Amino acid sequence: MLDKAGYVYAPKNDAFHRLRWREHYPEDEWSELSGTIDAAVSRGLEFIFGISPWQFRSGDSGTLRSKAERAVDAGAAGVAVLFDDIPERADASLAVRQLQLAEEALEGFDCTIYLCPSIYCMELLDRYDGGEYLAAWRDNIPREWHTFWTGDGVISKELDKNSLTAAQELLGGKPILWDNLLADDYCLRRIYLAGLEGRIPEGYSYFLNPSSCFLVALHSVYMLLKASGVSCGWFPELGDMPEAWKIISGFHHLPWHTDNRTESLLGELKNAVSEGPSEQLIAELRYMSCILGRFIDSLGETEDGFELMSYVADVKKIIGWWEDALELQSPSERISRLTYLMFQRLPFDHPLSMITLLPMTS
């Protein structure tokens, strides 16, 4: 059961969060953001205000303090200072400078403090030989402060208890989990819609980094509440077609694979190329295509629905291609049609696909 709910505001595409972090928000933007803080607090959420001090210098602590104070005065229950993805050599001196900045800026703050180190998972520890950095981080971070950690990888397949115990030893305390499983800001036109049952380790605070697409992020909240044992109905903001969400979830399940239902369907499609399709398979494809078509039509009337439309249209188009190919009589015709669609037609829809198909030249 979910004990306490919180929200971390830390979008990298907010210029005043990262690239222009030294500047205060313009009044109109701050009015909107402080209204969001008020709305979160009124709903019982802990609003955590994130700042990413990009290319910080000595003497920046006063600027950081001023910005954090403004957020706390507006109702934020916590402050997160984020040093992830900062292009500097991750050695002991960097960890010491980062923590010194944060301590000087946040001295005397009566709120929860979260930090994200530059080495925030085992993958980065190995890639950048970050043992020295984490040792200095462990030795210098105030004991009451909290450290974000994403697991074995930047996007972790599992949040394994043994690995998290090792992380606790590296960090000198139990980490706060920042799960990138359903984030999609690092890849080409993908979204991830998997369920989170069994994903959240017991005894750890857990934050989920969602999609930048509003409806997909809202779907992630729905899945997170279900996985946390919260009883809730289908969110009406997601529309009235949960079956359409199930279909696109199957194709946009996880970074590594589809869901079981879709994996089984793909196996049937592969067999149907050589053996011919069953009436049941054709009926299923037509049903899925119909559901997705109706869903696409409804998205124009849904708030921020146009953001999601291209992802749904992609799945519908692929299903239509399979229908098209399986209507042909012989295996050779079906293979020829799919080869054309995937290797000649697809690059027209996705120009980057053609680039990946070009032979390597010296």
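Use the structure listed above.
Residues numbered from 1 in each chain as written. Predicted model: local features only at pLDDT ≥ 70, side-chain atom pairs only at ≥ 80, totals over all residues. Heavy atoms only, no water.

Caption draft 1: The pairing of strand S1 (residues 6–9), seen in detail. Bridging between S1 and strand S2 (residues 46–51) involves four bridges; their strand directions are parallel. Across the sheet, the residue bridging to Gly6 is Glu46, located in S2. As a crossover connection, the stretch from S1 through helix H1 (residues 27–42) into S2 is right-handed. (Pairing = 2+ DSSP bridges. Helix = DSSP H or I, 4+ residues; strand = E, 2+ residues; numbered from the N terminus. Right-handed = clockwise from strand over helix to strand, strands pointing away.)

Caption draft 2: Focus on the sheet that holds S2. With parallel pairing, seven strands are arranged side by side in an open sheet as S1-S2-S3-S4-S5-S6-S7. Edge positions in the sheet fall to S1 and strand S7 (206–208), since each of these pairs with one other strand and no more. Averaged over neighbouring strand pairs, the angle between their axes works out to 25° when direction is ignored. Across the face of the sheet, H1 comes into contact with S1 and S2 while running at roughly 145° to S2. (Axes fitted to C-alpha atoms, helices over the stretch in contact; angles between N-to-C directions. Contact = heavy atoms within 4.5 Å.)

Caption draft 3: Main features of H1. In a regular helix each residue adds 1.5 Å, so 16 residues correspond to 22 Å; H1 covers 22 Å between its end C-alpha atoms and thus fits that length. Those residues of H1 not exposed but buried are Trp30, Leu33, Ser34, Ile37 and Ala40. Buried residues of H1, viewed axially, fall in a sector of 110°; they line one side. Turned more than 90 degrees away from the buried face of H1, the exposed residues are Asp28, Glu32 and Ser42. Taken together, the buried residues of H1 touch S1, S2 and helix H2 (61–73). Where H1 terminates, the next one or two residues include Gly44, which has phi positive at roughly 85°. (Expected span 1.5 Å × (residues − 1). Buried < 20%, exposed > 50% of the residue type's maximum accessible area, 1.4 Å probe, protein only. Arc of directions from axis to C-beta.)

Caption draft 4: Structural view of the side chain of Asp259. Tracing the backbone through its elements, the reader meets Asp259 in the loop between helix H8 (242–251) and helix H9 (260–275). No salt bridge is formed by the buried Asp259; the nearest opposite charge belongs to Arg261, separated by 6.1 Å. Engagement of the side chain of Asp259 in a polar contact is seen with the side chain of Thr262, the distance being 2.8 Å. Excluding anything up to four places from it in sequence, Asp259 contacts Gly250 and His253. (Lys, Arg positive; Asp, Glu negative; His and termini not counted. Salt bridge = Lys/Arg side-chain N within 4 Å of Asp/Glu carboxyl O. Polar contact = N/O pair within 3.5 Å; in protein donor to acceptor, adjacent residues only side chain to side chain.)

Caption draft 5: Structural detail: unusual backbone geometry. You will see that Gln55, though not glycine, has its phi angle at about 50°, which is positive. Here Gln55 lies in the loop between S2 and H2. The phi torsion at Asp304 lies on the positive side, around 60°, for a residue other than glycine. Inspection of the secondary structure assignment puts Asp304 in the loop between helix H10 (279–299) and helix H11 (305–326).

Caption draft 6: Highlighting the nonpolar core. If you look at the biggest cluster of nonpolar residues, it comprises 72 residues, and the most contacted ones within it are Phe49, Leu106, Leu115, Trp137 and Phe148. Sort the elements by how many residues they give to this core and helix H3 (residues 92–106) lands first, with seven residues. The contact partners of Trp137, leaving out residues within four places of it in the chain, are Phe83, Ala95, Gln98, Leu99, Leu115, Cys116, Pro117, Thr147 and Leu171. Core analysis: the second largest hydrophobic core is formed by 37 residues, Leu218, Leu238, Ile291 and Phe295 among them. (Core = buried A, V, L, I, M, F, W, Y, C linked by side-chain atoms within 4.5 Å.)

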